[in-house]
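# Tertiary structure, described
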Amino acid sequence: MSKIIKTALLTALVCTAYMAEAQQRDAQRDTIPMPTVNIDSVMKHIVELSSDTYEGRLAGSQGHERAMLYAERVLARYGVKPVREELGYRHADREHPWREPFTLECNEVENAKFNVYKVVRDQDGVGSDRIEKRVFTLGNEFCCAGMTGRGYVDAQMVFCGYGIDNALFDEYRHVDVKGKIAVVLTGLPEGHTMPERVAALYASLRDKARAAERHGAIGMVAINTSSTCESWEPQGRVYCGELPHMPTFPVLTLTLDCGREILHGEHMELDSAQAALAAGNVSSFALLKKAEIDINARYRPQAATANVVGILEGNDARLKKELIVVGASIDGLGMQGETCLFPGADINASGVAAVLETARLLSNPDYRPHRSVAFVIFSGSEQQYLGSRRFIADFPKLRQVEAFVGAQNIGGGDSVAVLGGGRFPSLYDMAWNRDTAHYRQNMIRDGKKNLARGDARAFEAIGVPSLMFTTHNGMLHNHVTTDIWENIDTRILGIATTLMVETIAEIGEGLYQGRSPQSRALRKQQ
């Protein structure tokens, strides 16, 4: 028999064996019992967590503490065990066996005022000068930067473009901001030619505030130019850039409409100034108007927070030693004063609700997976995903983790997007095949081209196969006060949660073996 014929026969045998194995996997997949998602149960969690009781769930606040307690009670009710009790987790809080504690920055804004006024001189000399004053409302037209300083300032405003003072594009060169309030735009100039390392120095609000302070400004007002919200909506952010904190330098974020109103009647209207900046022209100028800012905020550099971690043991003697991590972040933007609440219904009460629903369904003996499941409710996501990074650094069974599945803002958009297929295509295919074979709704778009995002990044970085369930064209209420439960699309929410639960159930049966030996040998990273 010739060598070519032998090779051909061997190849045919291998292909036949592979096809037989694939058919066996498909047969096994079809026999996996699949639970049914209760959309009312999912919505109940979203309604609860986005209510006033939790005050926007700012990490380190009492509202966030109440949210963690809620998650613990729900998981316990479903038979999930605290991580300390199940694994003897040395990092778990002794008084709170569910928790993996850590610290982060926390800045709670107790109240804030923003007024703009202009002195109108009497032209005839017979009357007195008068003051035209506009009082803006916290939560309606402006909000405070997440890490704003506290204090009172009353001074003239100066428009400084994007707040850049680099030699390549110096917006402070021809204006005097000493003792005044700098007015800047968020982000960077469209089509700028600055080197990336230079542009990075002005990307965050803290970067812009430090530049303003270097030139003598006593406060800063940032006009929000983001395309991820409506022009009339205040959009919040917790993370404002790297330390150090600026404790007595107040920083506000205005809506785009509010910014237009402030620059109306000045040397340039806002839209004209933006156009000039986009053309590469520095367009800084002093305003005729003055502003009064008064912020009372309580800043703590090391506020206590924690991840909530529970374990559902698998029902197979061998496979229960392996783990699937299922997680979502629970922290939000909090509440500023009495009029500015960021409910966080979609971002990310929806993700937490999907995780809790997964725990409810998989705890049923009829659907209990062979592998064990670690349910993690992360904190610190609004600060560069500190919670998932902490989990990776501390979790004692990291080498036994076979996959991570997360959920992030799954309550809106036009379709479900499962991200992570670019790095882990076979894991992505499990979700894709389940969607096309059982629902034929083609709800996943372009996921195979994408890397995971959010909390999944920390897992992906060390080679743990990861998927993040989110939505396509979602985030319609991105970090705004209108992110309320009434705006949740229950159809998309139900499809995303169902697909997520069924994918996890399939992974839990032990059919997926995608983690490489090399990734298990990696040292845990901070």
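The structure presented is a predicted model; accordingly, all values stated were derived computationally and were not measured.

## Here we look at the overall build of the protein
From N to C terminus, the protein includes 14 helices and 18 strands. Here the protein holds 526 residues, and 56% of them are scored as buried. Sequence-distant contacts in the protein: of pairs separated by 6 or more residues, those separated by 24 or more amount to 81%. Working note: accessible area of the protein is about 23000 Å², and carbon and sulfur atoms make up 49% of it.

## Points about the packing of aromatic side chains
Taken as a whole and judged by the stated rule, the model has eleven aromatic pairs. With a centroid separation of 6.3 Å and 65° between ring planes, the pair formed by Tyr 54 and Tyr 70 is classed as edge-to-face. Taken together, the positions of Tyr 54 in the loop between helix H2 (39-49) and helix H3 (62-77) and Tyr 70 in helix H3 put the pair 16 residues apart, joining distant regions of the chain. Like Tyr 70, Tyr 54 is buried. With a centroid separation of 5.3 Å and 35° between ring planes, the pair formed by Phe 159 and Phe 285 is classed as tilted. Of the two residues, Phe 159 is situated in strand S5 (residues 151-159) and Phe 285 in strand S11 (residues 285-312); the sequence distance between them amounts to 126 residues. Judged by relative accessible area, Phe 159 falls into the buried class, the value being 0%. Looking at Phe 285, the relative accessible area reads 6%, which means it is buried.

## Considerations on unusual backbone geometry
Each neighbour pair has its own omega, and for Leu 243 with Pro 244 the value is 10°, a cis peptide bond. Along the polypeptide, Pro 244 turns up in the loop between strand S9 (219-223) and strand S10 (251-254). The omega angle of the peptide bond from Ile 347 to Asn 348 is 0°, so this bond is cis rather than trans. Tracing the sequence through the fold places Asn 348 in helix H9 (residues 345-362). Of note in this structure, Gln 384 is not a glycine but carries a positive phi near 60°. Here Gln 384 is to be found in the loop between strand S15 (372-378) and helix H10 (386-394). At Asn 473, a residue that is not glycine, the phi angle is positive and equals roughly 60°. For Asn 473, the location among the structural elements is in the loop between strand S18 (466-472) and helix H13 (490-508).

## Section: the pattern of salt bridges
For the structure shown, the criterion picks out 21 salt bridges. A salt bridge links Glu 266 to Lys 289, with the shortest nitrogen-to-oxygen separation between them at 3.0 Å. Remark: Lys 289 occurs in strand S11 and Glu 266 occurs in the loop between helix H7 (256-263) and helix H8 (270-278); sequence separation between them is 23 residues. Across the pair Lys 320 and Glu 313 runs a salt bridge whose closest N-O atoms are separated by 3.8 Å. Assessed through its relative accessible area of 36%, Glu 313 is described here as partly exposed.

## A look at the packing of H2 against H9
As a packed pair, H2 and H9 sit with axes 8 Å apart at the nearest point and diverge in direction by 135°. Judged on the interaxial angle alone, H9 and H2 are oblique. Crossing of H2 against H9: the hand is right-handed. From H2, Ser 41, Val 42, His 45, Ile 46 and Leu 49 reach across to H9, where they touch Ala 345, Ala 349, Ser 350, Val 352, Ala 353, Leu 356, Glu 357 and Arg 360. Counted by class, the contact of H2 with H9 contains eight nonpolar, three polar and two charged residues.

## Focus on H7
Residues of H7 that are buried include every one of Leu 256, Cys 258, Gly 259, Ile 262 and Leu 263, and no others. Projected onto a plane normal to the axis of H7, the buried residues spread over an arc of 155° and lie on a single side. Within two residues after H7, Gly 265 carries a phi angle of roughly 80°, on the positive side.

Conventions and cut-offs
- Residue indices follow the written sequence of each chain, beginning from 1 at its first position.
- Selection of residues for local features in this predicted model requires a pLDDT of at least 70, selection of side-chain atom pairs for listing and counting requires 80 or more, and totals for whole chains, interfaces and linings are taken over all residues.
- Only hydrogens and water are set aside; all other atoms, that is, all heavy atoms of the structure, feed into the side-chain values.
- Only DSSP runs of H or I with at least four residues qualify as helices, and only runs of E with at least two residues qualify as strands; both kinds are numbered from the N terminus onward.
- Think of it in three bands: residues with accessible area under 20% of the maximum for their type are buried, residues over 50% are exposed, and the middle band is partly exposed, with areas taken using a 1.4 Å probe on protein chains only.
- It only takes one pair of heavy atoms within 4.5 Å for two residues to be counted as in contact.
- The method behind every accessible area is Shrake-Rupley, applied with a 1.4 Å probe, and residues are considered shielded solely by the protein chains displayed.
- Only Phe, Tyr and Trp rings are paired, with Trp represented by its six-membered ring, and only when their centres lie within 6.5 Å; those with planes under 30 degrees apart are stacked, over 60 edge-to-face, the remainder tilted.
- Salt bridge criterion: a side-chain nitrogen from Lys or Arg within 4 Å of a carboxyl oxygen from Asp or Glu.
- What counts as an axis is a line fitted to C-alpha atoms, over the stretch in contact for a helix, and the angles between N-to-C directions run from 0 to 180 degrees.
- Oblique is the label for every angle not falling under 35 degrees (roughly parallel), over 145 degrees (roughly antiparallel), or within 65 to 115 degrees (roughly perpendicular).
- Handedness of a helix crossing follows the sense of rotation of the near helix relative to the far helix, less than a right angle counterclockwise being left-handed and clockwise being right-handed.
- Here the nonpolar group is Ala, Val, Leu, Ile, Met, Phe, Trp, Tyr, Cys and Pro; Asp, Glu, Lys and Arg are the charged ones; every other residue, Gly included, is treated as polar.
- Summarising the geometry, the arc corresponds to the directions from the helix axis toward the C-beta atoms.

Purely spatial values, then, with no claim about function.
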